[in-house]
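# Understanding the architecture of this molecule
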Amino acid sequence: MPSSPTAERLHLDPLPFRERVLPNGLRAITLEDHRSATAAVNIAYSVGGKDDPPGRSGFAHLFEHLMFKGTKRTGAETIDRLTEDVGGFNNAFTTEDYTNYYEVIPSNYLETILWAEADRLSGLIVDAANFQTEREVVISEYDQRVLAEPYGMLGELAAREAYLVHPYGRGVIGDPENLRAATLEDVRAFHATYYRPDNATLVVVGDFDSDIVDKWIDEYFGTLERPKAEIPRVTTLEPASGGERRLSYQSTNAPLPAFNVSWHIGRARDAEMPVLDIIETLLGTGKSSRLYRALVYEHQAATNVWAGADWNEDPGMFTIRAIAATGVELTRVESLIEEQVALITSNPADAAELEKAKVQMYSGTVRGLSTYNEIAQTIVRSAVVRGSAHLLDDDVARYNAVDAESVRAVASQTFVAKNRSTIEYLAVGA
């Protein structure tokens, strides 16, 4: 099926970044851009929730917090002072596959931030006081985001039900009991294992001279020692499911029941991923998507519904989640979702619907490159999760190449009963 006229015009120039690997293994990517007098620094460590040691769920997330404590040369919260006090900002986040730290500052402060990131990579103080304080912060975050949020437990349950073997089933935020059982020696060993230059991807985007920034990177990061020990990697594969898994959970704080269904899919770097992204858009992105129109507008069976395909280093999940409308049974919600999933294979998108999905993917890609920090995080994600930032060059072309037959074929392969797990999230307190 030929591309539509609009899809044929969708195009993005490749990001003109420079990439190199220092002798100590640190991957450095720089993109010089003078549209504003600012710069964004991101440094991602290839350690996420899936790398938490058995019985120590939450260690990667814990270090997202510990890295803001003092170093051998600086006091606590130094990164805050070096960014917020000059009009910038900073933060960090942890995913299943990596932990990312970022700062946005006026570009004349860039050298200072590069020095500070290299300093906390090499000289972080991991002592009992910092460990105990930040452990309580992480446990409090679990209480707020998982226990107190009406649907906070739903994501945790969906991961546990879908993965019986792979560590993606543990989630990212961490298990309070695991964290309480951890020792200072456990935490120090985890830091020594994963926080090292050959496990880091540094991305700098903004208003600077690339040659000068490369010299700063060499000066501050190039001198850091590469440990001799191998970095342990997750090699566990989730075995093929022996049939559908189903769990019913009674929530005491959800105002309405919810339904979650997930199917196993591949890795972010796999050839099917652009097709799954298009299927996600067709089914569940926005109020004009098939699921929203059917469940919310036409049948008024749900107050909200969305679909999402994981972009993970290891095989992920395609998930559909709906919040039922008042008085509507979950069996009705499930039946309507099954109907739309069946239609995506038996009644594939026509040219107009497919073109709309491609434009949605394109506009989302463009919006995700609006600021220096968004550009840096897009590069980080592709470099770490897919193994190469250069795959970004052809993403628009890959979406444009998706046709109705590939949607039908990938949907037929993915949406099979033995490949799915479902959560009935009952609102017993409503």
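We now turn to the structure provided with this report. Sequence order as written defines residue numbering, which begins from 1 separately in each chain. Residue-level local features of this predicted model are given only where pLDDT is at least 70; pairs of side-chain atoms are given and counted only at 80 or more, and the full residue set underlies all totals for whole chains, interfaces and linings. With hydrogens and water set aside, each side-chain value is computed from the structure's full complement of heavy atoms.

## Some remarks on the sheet that holds strand S5 (residues 99-106)
Sheets are built from strands that pair by backbone hydrogen bonding, the pairs being arranged parallel or antiparallel. Spelled out, the test is: At least two bridges found by DSSP between two strands is the condition for calling them paired. Where helices and strands are cited, they refer to DSSP runs of H or I of at least four residues and of E of at least two residues respectively, numbered from the N terminus. Orientation is described by lines fitted to C-alpha atoms, with helices fitted over the stretch in contact, and by angles between N-to-C directions that extend from 0 to 180 degrees. The criterion used for residue contact is that any of the two residues' heavy atoms lie within 4.5 Å.
Read across the open sheet, the six strands follow the order S1-S2-S6-S3-S5-S4; overall the sheet is mixed. Two strands in the sheet have a free side with no partner beyond their single neighbour: strand S1 (18-21) and strand S4 (89-94). For this sheet, the mean angle separating the axes of adjacent strands, direction not counted, is 15°. As judged from the four bridges shared by S1 and strand S2 (residues 27-32), these two strands associate in the antiparallel manner. The residue of S2 that forms the bridge with Arg18 is Thr30. Across the face of the sheet, helix H2 (residues 59-66) comes into contact with S4 and S5 while running at roughly 170° to S4.

## Remarks on the sheet that holds strand S10 (residues 317-324)
Across the sheet, which stays open at both edges, the five strands sit in the order S7-S11-S8-S10-S9 with mixed pairing between neighbours. With one partner strand each, in any of the chains shown, strand S7 (245-251) and strand S9 (302-309) form the two edges of the open sheet. The sheet shows a mean angle of 10° between the axes of neighbouring strands, taken without regard to direction. Direction of pairing for strand S8 (residues 258-264) relative to S10: antiparallel, over a ladder of seven bridges. Residue pairing for S10: Val261 is matched across the bridge by Ile320. Lying over the sheet, helix H12 (residues 330-346) contacts S7, S8, S10 and strand S11 (420-427), oriented at roughly 35° with respect to S8.

## Re the packing of aromatic side chains
Spelled out, the test is: Paired rings are identified among Phe, Tyr and Trp, the last through its six-membered ring, by centres lying within 6.5 Å, and are further divided according to the angle between planes into stacked (under 30 degrees), edge-to-face (over 60) and tilted (the rest). Buried residues are those whose accessible area, probed at 1.4 Å on protein chains only, stays under 20% of the maximum for their type, while exposed residues exceed 50% and partly exposed ones sit between those limits. Should the NZ of a Lys or the CZ of an Arg lie within 6 Å of a ring centre and within 35 degrees of the ring normal, that charge is described as sitting over the ring.
Considering all chains together, one arrives at 16 aromatic pairs under this definition. Between Phe63 and Phe190, the aromatic rings sit 5.8 Å apart at their centres with planes inclined by 25°, giving stacked as the arrangement. With Phe63 in helix H2 and Phe190 in helix H8 (residues 184-194), this pair connects stretches of sequence that are 127 residues apart. Residue class for Phe63 comes out buried when judged on its relative accessible area of 0%. Phe190 sits in the buried class, given a relative accessible area of 3%. Seen from their ring centres, Phe93 and Tyr98 are 6.1 Å apart, and the 70° between their planes marks the pair as edge-to-face. On the basis of relative accessibility, which here comes to 24%, the residue Phe93 falls in the partly exposed class. Counting every residue linked through ring pairs, the aromatic cluster contains Tyr45, Phe59, Phe63, Phe68, Tyr101, Phe190, Tyr194 and Tyr195. Its guanidinium or amino end placed over the ring of Phe68, Arg120 lies 4.8 Å from that ring's centre, counting from NZ or CZ.

## Notes on the pairing of S4
The side-chain alternation of S4 yields one buried face, formed by Asn90, Ala92 and Thr94, and one unburied face, formed by Phe89, Asn91 and Phe93. Relative to S5, S4 runs antiparallel, the two being bridged by six bridges. Residue pairing for S5: Asn90 is matched across the bridge by Glu103. Where S4 folds back onto S5 in an antiparallel hairpin, the turn is made up of four residues.

## Comments concerning the nonpolar core
For clarity, the cut-off: By convention a nonpolar core is built from buried Ala, Val, Leu, Ile, Met, Phe, Trp, Tyr and Cys residues, the set being connected through side-chain atoms within 4.5 Å.
Core analysis: the biggest nonpolar cluster contains 66 residues, and Ile279, Leu295, Phe318, Ile320, Ile337 and Ile379 have the highest contact counts within it. Here the element with the most residues in this core is helix H14 (residues 372-386); it accounts for eight residues. Apart from the residues within four sequence positions on either side, Phe318 is in contact with Val261, Ser262, Trp263, Ile265, Leu276, Ile279, Glu280, Leu283, Ala307, Gly308, Ala309 and Phe415. Residues Leu22, Phe68, Tyr195 and Val204 belong to the second largest nonpolar core, which totals 48 residues.

## A short note on the environment of Asp270
By secondary structure assignment, the location of Asp270 is in the loop between S8 and helix H10 (273-284). Given a relative accessible area of 24%, Asp270 falls into the partly exposed group. Residues Asp270 and Leu15, 255 residues apart in the sequence, show an inter-C-alpha distance of 21 Å.

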